[in-house]
Amino acid sequence: MDLKIEKLLEKVRQTAYEVHVYFKHGHLEKVYENALASRLKKSGIKISQQIPIIVLDEDGRNVGNYISDLLVEDLLLIELKTAKNISEEHEAQILGYLKSTKIEHGLLINFGSYKFQIKKYIWSNDKK
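(A) The arrangement of the pattern of salt bridges in detail. The final tally for this structure, using the stated rule, is five salt bridges. Across the salt bridge formed by Glu-33 and Lys-30, the nearest N and O atoms sit 3.1 Å from each other. Linking Glu-33 with Lys-30, this pair stays in helix α2 (residues 29-42), spanning three residues, or about one helical turn. Judged by its relative accessible area of 1%, Glu-33 falls in the buried class. As a salt-bridge pair, Lys-46 and Asp-74 come within 2.5 Å of each other at their nearest N and O atoms. Taken together, the positions of Lys-46 in the loop between α2 and β1 (47-56) and Asp-74 in the loop between β2 (62-72) and β3 (76-81) put the pair 28 residues apart, joining distant regions of the chain. When its relative accessible area of 43% is taken as the criterion, Asp-74 is described as partly exposed.

(B) Broad picture of the packing of aromatic side chains. Scanning all chains against the criterion turns up six aromatic pairs. Ring geometry for Phe-23 versus Tyr-32: centroids 6.3 Å apart, planes at 80°, classification edge-to-face. Given the relative accessible area of 23%, Phe-23 is considered partly exposed. We classify Tyr-32 as buried; its relative accessible area is 0%. The interplanar angle of 55° and the centroid separation of 6.1 Å between the aromatic rings of Phe-111 and Phe-116 together place this pair among those described as tilted. The exposure class of Phe-116 is buried, given its relative accessible area of 16%. The rings of Tyr-17, Tyr-22, Phe-23, Tyr-32, Phe-111 and Phe-116 are connected pair by pair, giving a single aromatic cluster.

(C) A look at the side chain of Lys-81. Within the secondary structure, Lys-81 sits in strand β3. Given a relative accessible area of 12%, Lys-81 falls into the buried group. Here Glu-79 takes part through its side chain, which lies 3.5 Å from a polar atom of the side chain of Lys-81. Not counting the four nearest positions on each side in its chain, Lys-81 is found in contact with Glu-29, His-90, Gln-93, Leu-108, Ile-109, Asn-110, Phe-111 and Gly-112.

(D) Summary view of the packing of helix α1 (residues 3-23) against α2. Close contact between α1 and α2 brings their axes to 10 Å; oriented N to C, the two are set at 130°. One finds that α1 runs oblique with respect to α2. Crossing hand, α1 versus α2: right-handed. On α2, the residues that touch Lys-11, Val-12, Thr-15, Ala-16, Glu-18, Val-19, Tyr-22 and Phe-23 of α1 are Val-31, Tyr-32, Ala-35, Leu-36, Arg-39 and Leu-40. Taken together, the residues of the contact of α1 with α2 sort by class into 10 nonpolar, one polar and three charged.

What counts, and where the lines are drawn
- Residues numbered from 1 in each chain as written.
- Predicted model: local features only at pLDDT ≥ 70, side-chain atom pairs only at ≥ 80, totals over all residues.
- Heavy atoms only, no water.
- Salt bridge = Lys/Arg side-chain N within 4 Å of Asp/Glu carboxyl O.
- Helix = DSSP H or I, 4+ residues; strand = E, 2+ residues; numbered from the N terminus.
- Buried < 20%, exposed > 50% of the residue type's maximum accessible area, 1.4 Å probe, protein only.
- Phe/Tyr/Trp six-rings, centres within 6.5 Å; stacked < 30°, edge-to-face > 60°.
- Polar contact = N/O pair within 3.5 Å; in protein donor to acceptor, adjacent residues only side chain to side chain.
- Contact = heavy atoms within 4.5 Å.
- Axes fitted to C-alpha atoms, helices over the stretch in contact; angles between N-to-C directions.
- Parallel < 35°, antiparallel > 145°, perpendicular 65-115°, else oblique.
- Left-handed = near helix turned anticlockwise from the far one by under 90°.
- Nonpolar A, V, L, I, M, F, W, Y, C, P; charged D, E, K, R; others polar.

Okay, structure coming up:
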């Protein structure tokens, strides 16, 4: 794995954990999104929030639109949740976002549980 993405992943993981420790669980997803984005921006990392994702059919037609929570340095897509646990539906969602955007690396972070939950996903566009 590329050194830049490894360092980026470590910084995001650590910052997300600090947000979890400070806020605990019980807030709306937007609170965690804004806190994580703000803290990462303060450390000099480029963050985009509420990223539009267009899903295209094989013929190139737009068949759906979604919004993802965060994009870090144009390399790492982050989807945030405030659920009791990460579910298969959440995992399918981030994998669909990675496939649609052709971004290779993604994190699914759940702030809704007592226990901090974070999972990394890699999507290879060579995958069939």
